[in-house]
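Each chain, written out:
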Amino acid sequence: MNVLVINCGSSSLKYQVIDSDSEVVLAKGLCERIGIDGRLVYQPKGGEKEITEASMPTHTEAVRMVLDALVNPTTGVLKSLEEIDAVGHRLVHGGEKFAASTLINEKVIAAVEECSDLAPLHNPANLIGVRACQEVLKDVPMVGVFDTAFHQTMPKKAYLYGVPYEYYEKYKVRKYGFHGTSHSYVSKRAAEMLNKPYDSLKTIVCHLGNGASICAVENGKSVDTSMGLSPLEGLIMGTRSGDIDPSAVEFMAKKENLSLEEILNVLNKESGVYGISGLSSDFRDLESASKEGDERAKTAREVFCYRTAKYIGSYAAAMNGVDVICFTAGVGENDGRIREGICSYLGYLGITLDENENQKRGEEAVLSVPDSKVTVLLVPTNEELAICRETVALIK
Ligand code: AMP
């Protein structure tokens, strides 16, 4: 079965075509600057990346261009569009309505629309992608895979905020959590790597990318996670502040004469390690700047490690123990010094990293020494493959 996996944002659309039997990526790429000017990036398996500048007034044209590239007689990977058996869409916010992936129909679209006030930047954009695909690939079944679904197993004590209960009842104000597809994929893969039953492990997954979140997975279920109603809560991220005293928000807004919207923009786009360093949200830049003696870049990396270690400690407490800690996503998969920095706080859990193994990047590896009480793993995430698998499971 060939599955087209779509991750649609407001002006971009990432895609992969995966052969679900072999799990090989046949082609991948993205459309950027949709509605502005338009650029298609297309890379067939084993081939060169092609970049085409072309007008894409809407997502429908973007989808058409992707499909044209896929069936292009010279560089395409499909003979015809009939070879696309299903489409898997990444959908960000399913609220409390979706605890699992689902076949997309009009009722589902309406329910996702209802969740849009919880994710005004993401859900409408995701649905534009769904509509564009429906327009072009009329009868092909489509599946929605939600970032929030995996965390719907969290108990009430983990997801309730300490605010008036009526706000939960009336507006569904609560912790939802994100990166669920990644946390689910990585925690399952960890159990496979260790040859242990998934439903017998206490695992903490550290998804450390530009957006970063941690998840406590107990017996195969998410029991707590660091992102909240929105992806702003929790860890210090590339440009997001993570946890902050709400009173500080009002204080800063008043001092800087900013509206609520403007200060939230600062917390989302100008904060995190970028805000602290004043330099970059990219951990590679921060590392080279630290080496050259830039104190703020060094502090930004320290704050990131410290906050992450504190969350790991709190999730070890929440589960009354931890068997496995996994590092994944851009920073988690590549930055051994950050992993070392985080694990330097975790000696009390009986964790000892293997210095040589911890040099590894982007490949599955056991990073702790054999007699470490908690096993530390590097598990590259693969959200597209997880979406493909969910899609196939529902179509079949
Ligand atoms: P992601 O959001 O998972 O794509 O992660 C993107 C982030 O990963 C980048 O902003 C970098 O901070 C970080 N990253 C990617 N490659 C490396 C690397 N080789 N070393 C350190 N950090 C990296």
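In what follows, the structure referred to is the one given above.
Keep in mind the model is a prediction, meaning the values are calculated, not measured.

Draft legend 1. Just the overall build of the protein, in detail. Helix and strand counts for the protein stand at 14 helices and 14 strands. With respect to the principal axes defined by its C-alpha atoms, the protein has extents near 60 × 55 × 45 Å. When the 396 residues of the protein are sorted by exposure, 50% land in the buried category. Taking contacts inside the protein between residues at least 6 apart in sequence as the whole, the part at least 24 apart equals 60%. Split by element, the accessible area of the protein, about 18600 Å² in all, is 49% carbon and sulfur.

Draft legend 2. The arrangement of the sheet that holds strand 9 (residues 202-208) in detail. The strand order across the open sheet formed by 6 strands is 11-10-9-12-14-13, and the pairing between neighbours is mixed. Both edges of this open sheet fall to strand 11 (221-225) and strand 13 (365-366), since each of them pairs with a single strand only. In terms of strand pairing, strand 12 (residues 324-328) meets strand 14 (residues 375-378) through 4 bridges, oriented parallel. Looking at the pairing, Cys-326 lines up with Leu-377 of strand 14.

Draft legend 3. Inspection of the sheet that holds strand 1 (residues 2-8) at higher detail. Read across the open sheet, the 8 strands follow the order 5-4-3-2-1-6-8-7; overall the sheet is mixed. Here the strands that pair on one side only, and so sit at the sheet edges, are strand 5 (50-53) and strand 7 (102-103). Relative to strand 4 (residues 39-44), strand 3 (residues 24-32) runs antiparallel, the two sharing 6 bridges. Bridge pairing in strand 4 links Cys-31 to Leu-40. The strands that helix 3 (residues 123-136) touches are strand 1, strand 6 (86-91) and strand 8 (142-146); relative to strand 6, the one it contacts most, it runs at about 165°.

Draft legend 4. Representation of the site of the ligand. As a structural note, the neighbourhood of the ligand is formed by Gly-209, Asn-210, Ser-281, Asp-282, Phe-283, Arg-284, Ala-329, Gly-330, Val-331, Asn-334, Asp-335 and Arg-361. Within the backbone of Phe-283, one N or O atom sits 2.8 Å away from an oxygen atom of the ligand. In the environment of the ligand, an oxygen atom lies 3.4 Å from a nitrogen or oxygen atom belonging to the backbone of Val-331. If the ligand stood free it would expose 500 Å²; the protein chains cover 72% of that surface. In this structure the site holding the ligand corresponds to the second largest pocket. Breaking the shell around the ligand down by element, the ones donating at least two residues are helix 10 (283-291) and helix 12 (329-334). No other element matches helix 12, which puts 4 residues into the shell around the ligand.

Draft legend 5. Focus on helix 14 (residues 383-395). Taking 1.5 Å as the rise per residue, helix 14 with 13 residues should run 18 Å; its terminal C-alpha atoms sit 18 Å apart, in good agreement. Along helix 14, the residues that are buried comprise Leu-385, Ala-386, Ile-387, Cys-388, Thr-391 and Val-392. Residues of helix 14 that are buried in the fold lie against strand 1, strand 2 (13-19), strand 6, strand 8 and helix 6 (180-194).

Draft legend 6. Examining the pattern of salt bridges more closely. On inspection of all chains with the given rule, the structure shows 18 salt bridges. For Lys-97, the salt bridge identified is with Glu-114, shortest N-O distance 2.8 Å. Of this pair, Lys-97 sits in the loop between strand 6 and strand 7 while Glu-114 sits in helix 2 (residues 106-114), and the two are 17 residues apart along the sequence. Using a relative accessible area of 45% as the deciding quantity, one classes Lys-97 as partly exposed. Here Glu-287 and Arg-337 are joined by a salt bridge, their closest N and O atoms 2.7 Å apart. Note that Glu-287 is positioned in helix 10 and Arg-337 in helix 13 (residues 336-343), a separation of 50 residues in sequence. In the salt-bridge network here, residues are joined through shared partners; they are Glu-32, Arg-39 and Glu-53.

Cut-offs applied
Residues numbered from 1 in each chain as written. Predicted model: local features only at pLDDT ≥ 70, side-chain atom pairs only at ≥ 80, totals over all residues. Heavy atoms only, no water. Helix = DSSP H or I, 4+ residues; strand = E, 2+ residues; numbered from the N terminus. Buried < 20%, exposed > 50% of the residue type's maximum accessible area, 1.4 Å probe, protein only. Contact = heavy atoms within 4.5 Å. Areas by Shrake-Rupley, 256 points an atom, 1.4 Å probe, with all protein chains shown as cover. Pairing = 2+ DSSP bridges. Axes fitted to C-alpha atoms, helices over the stretch in contact; angles between N-to-C directions. Near = heavy atom within 4 Å. Polar contact = N/O pair within 3.5 Å; in protein donor to acceptor, adjacent residues only side chain to side chain. 1 Å grid on protein atoms, 1.4 Å probe; cavity = no way out; pocket = protein on both sides within 12 Å on 5 of 7 lines; lining within 4 Å. Sits in = over half its atoms within 2 Å of the grid points. Expected span 1.5 Å × (residues − 1). Salt bridge = Lys/Arg side-chain N within 4 Å of Asp/Glu carboxyl O.

Note that every value here comes from positions in space, so none of it alone points to a role or purpose.
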